[in-house]
Amino acid sequence: MKVIECKTNMRCELGGCKNHATRAIKFDKAGIKSRIYACDKCLNELYSAIGETVVPRSIETAKKSKKGDR
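Residues numbered from 1 in each chain as written. Predicted model: local features only at pLDDT ≥ 70, side-chain atom pairs only at ≥ 80, totals over all residues. Heavy atoms only, no water.

Undergrad: Could you give an account of the state of the cysteines, with specific residues and numbers?
TA: Evaluation of the coordinates by the stated rule reveals zero disulfides. Of all cysteine sulfurs in the structure, the one in C42 sits closest to C12, which takes part in no disulfide; the separation is 3.7 Å. C12 sits in the buried class, given a relative accessible area of 7%. In this structure C39 is a free cysteine whose sulfur lies 3.6 Å from that of C42, the closest cysteine sulfur available. Looking at C39, the relative accessible area reads 4%, which means it is buried. (Disulfide = S-S within 2.5 Å. Buried < 20%, exposed > 50% of the residue type's maximum accessible area, 1.4 Å probe, protein only.)

Okay, structure coming up:
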C-alpha cells in the first residue's frame, strides 16, 4: 500500500467531502481502479482515527517468550 500524490482532478471520496483530492491511496495487487482519493483534511482525520485504535505496545509490556525458559 502506498500514499501517492494525486495528479488528476478528482474529488475526495471520504465522508462525503467536496474538496479536491491531493493524495491517493494505492493498494498492492489490486485492479486498475483500486485507489482511494482523499484531501489532506480527511487523510489527517483518518490517520488520527487509526492511531486511536491501533496503538503498538512497548517492549516492557510485551509478553516474554517461553522458548528460552527450558
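Undergrad: If you had to explain the side chain of S34 to someone new, which residues and values would you point to?
TA: Within the element layout of this structure, S34 appears in the loop between β2 (23-26) and β3 (35-38). When neighbours within four sequence positions are excluded, S34 is seen to be in contact with I25, K26 and F27. (Helix = DSSP H or I, 4+ residues; strand = E, 2+ residues; numbered from the N terminus. Contact = heavy atoms within 4.5 Å.)

Undergrad: An account of the sheet that holds β2 is requested, with residue identities and associated values reported.
TA: As summarised here, the arrangement of the three strands in space is β1-β2-β3, forming an open sheet in which the pairing is antiparallel. The sheet terminates laterally at β1 (2-5) and β3, the two strands that pair on one side only. Neighbour to neighbour, the strand axes of the sheet diverge by 25° on average, direction disregarded. Two elements, β1 and β2, share four bridges in a ladder whose sense is antiparallel. When the bridges of β2 are listed, K2 appears paired with K26. Packing of helix α1 (residues 40-53) onto the sheet brings it into contact with β1, β2 and β3, and relative to β2 it is tilted by some 45°. (Pairing = 2+ DSSP bridges. Axes fitted to C-alpha atoms, helices over the stretch in contact; angles between N-to-C directions.)

Undergrad: Outline a nonpolar patch on the surface, supporting the account with residue identities and numerical values.
TA: A surface patch of nonpolar side chains, about 260 Å² in accessible area, is lined by L46, I50 and V54. Summarising the element assignment, I50 is placed in helix α1. (Patch = residues over 30% accessible without salt bridge, like charges linked within 9 Å, V, L, I, M, F, W, Y side chains within 5 Å. Areas by Shrake-Rupley, 256 points an atom, 1.4 Å probe, with all protein chains shown as cover. Salt bridge = Lys/Arg side-chain N within 4 Å of Asp/Glu carboxyl O.)

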